[in-house]
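# Survey of secondary and tertiary structure
So the chains spell out like this:
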Amino acid sequence: MALILGLESSCDESAAALVTSDGRILAHRLAGQEAMHRPYGGVVPEIAARAHVEALPPLIEGVLAEAGVALDQVDAVAATAGPGLIGGVMVGLVMGKALAFAGGKPLVAVNHLEGHALSARLIDPDLDFPYLLLLVSGGHCQLLLVEGVSRYRRLATTIDDAVGEAFDKCAKLLGLGFPGGPAVEAAARGGDPKAVPLPRPLLGSIEPHFSFAGLKSAVLRAHRSGRHPVADIAASFQAAVVDCLIDRTRRALPAASGATALVVAGGVAANGAVRSALQALANAHALRFVAPPLWLCTDNAAMIAWAGAERFAAGLTDGLDALARPRWPLDPNAERARGAGVKA
Ligand code: KG4
Ligand code: ZN
């Protein structure tokens, strides 16, 4: 049994966690920065990086104290090394390196996306490879066949915005505040999902890629028309997103024929409408559906510690010269999606 300390700092959550290789979460703590970024309507990279510098040390001390563990007893230090906002990634990675060096422990430089991708195995020890993963976060919208630790086949990606980004932009357009996903979901509860006709970009197209930019523009037009209550636009937007996610995931199923389960991960997996539609899709195709609890869907360090534990068990540790990588695809061999903009 190995004990892993995990650090996360790739966006606007500073987090530390202690997780064992047999899947016990001994302690996990998180300091969000929402209040700092709210006045700007989005995450400001420089503010985020500075906040991680202040937040991480007490979080690390806190999880060690809570678990009654000394740094000496930790078997490896796992830190997010990308992708994400480079300043924040560097802060967490350098702290992880310093702790690894001071304690004479191996470092595991974790891909944040692998943290999301493997998080379902932390709560479901029976989840075997391969599985089909819908990874939906603020920076990503991908369908991946997870074949093993460090082994990913990207089946689809977004050709423009990530789905969480679409939620955040929609919230901003509708004046619902930041962060947008939970705000849109809350507003949608009081609205009619059929009230506003909105497009479903790429619905039915052969390759299972995603697109959300057109949907965002349609939300803006609907809002400007002054004809629809905000709740109806939010509900209709969420319904359109769900339709796109389900259609695209269904389209990817043939390429994932050996999959043991359909898994969802990333911040947007916290959305109730998304979860229940995916559950129904999995049921219809006799697939197991695994969705981590809400706190494990949004950014956290338990998933980084867990990915660290899986990599450590596979002998995948890193030197202290490991680089911070603002861009770091899980499947480096994936072809560029046709029609994709710069961000894909
Ligand atoms: O995975 P995550 O915490 O950070 C990234 O790695 O991006 O995802 C954050 C994204 C944000 O865009 C946020 O608006 C979205 O997840 N999100 C949601 C919900 N909760 C968070 N989107 C829709 N519904 C939610 N309930
Ligand atoms: Zn994330």
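Every value quoted in this text rests on a predicted model; they were computed, and no experiment measured them.

## Digging into the sheet that holds strand E2 (residues 13-20)
- Pairing is mixed across the open sheet formed by 5 strands, whose spatial order is E3-E2-E1-E4-E5. Either end of the sheet is taken by a strand with one partner, and the two such strands are strand E3 (25-32) and strand E5 (107-111). On average, each strand axis in the sheet is tilted by 20° relative to the strand beside it, whichever way the strands run.
- Note: strand E1 (residues 3-8) against E2, 6 bridges, orientation antiparallel. From the neighbouring strand, Leu7 faces E2, where its bridge partner is Ala16.
- Of the strands in this sheet, E1, E2 and E3 touch helix H2 (residues 45-67), which is tilted by about 25° from E2.
- The strands that helix H11 (residues 302-313) touches are E1, E2, E3, strand E4 (76-82) and E5; relative to E1, the one it contacts most, it runs at about 135°.

## What to know about the domain arrangement of the protein
- The domain architecture assigned to the protein consists of domain 1 (3-117 + 299-313) and domain 2 (128-295).
- Centre-to-centre separation of domain 1 and domain 2, based on C-alpha positions: 27 Å.
- If you look at the interface, domain 1 gives 19 residues, while domain 2 gives 14 residues.
- For the domain 1 and domain 2 pair, buried surface summed over both sides reaches about 1,400 Å², with 65% attributable to carbon and sulfur atoms.
- Together, Leu113, His116 and Ala117 form the three largest contributors to the area buried by domain 1 at its contact with domain 2, with a combined 36%.
- Where domain 1 touches domain 2, the interface holds 0 salt bridges.

## Let's talk about the coordination of the zinc ion (ligand 2)
- Distances from the zinc ion (ligand 2) to its protein donors, namely His112 (NE2), His116 (NE2) and Asp299 (OD), fall within the range 2.0 to 2.2 Å.
- Owing to a relative accessible area of 0%, His116 belongs among the buried residues under this scheme.
- Judged by its relative accessible area of 16%, Asp299 falls in the buried class.

## Some points on the pattern of salt bridges
- Taken as a whole, this structure holds 13 salt bridges when the rule is applied.
- A salt bridge links Arg38 to Glu34, with the nearest nitrogen and oxygen atoms 3.7 Å apart.
- Glu165 is paired through a salt bridge with Lys169; the nearest N and O atoms lie 3.1 Å apart. Of this pair, Glu165 and Lys169 both sit in helix H5 (residues 163-173), 4 residues apart, roughly one helical turn.
- Among the charged side chains, a network of salt bridges with common partners joins Asp161, Glu165, Lys169 and Lys216.

Conventions adopted
- Residues numbered from 1 in each chain as written.
- Chains lettered and ligands numbered in written order.
- Predicted model: local features only at pLDDT ≥ 70, side-chain atom pairs only at ≥ 80, totals over all residues.
- Heavy atoms only, no water.
- Pairing = 2+ DSSP bridges.
- Helix = DSSP H or I, 4+ residues; strand = E, 2+ residues; numbered from the N terminus.
- Axes fitted to C-alpha atoms, helices over the stretch in contact; angles between N-to-C directions.
- Contact = heavy atoms within 4.5 Å.
- Domains from an automatic or database assignment.
- Buried area = accessible area lost by both parts, 1.4 Å probe.
- Salt bridge = Lys/Arg side-chain N within 4 Å of Asp/Glu carboxyl O.
- Donors = N, O, S within 2.8 Å, 3.2 Å for Na, K, Ca; no water.
- Buried < 20%, exposed > 50% of the residue type's maximum accessible area, 1.4 Å probe, protein only.

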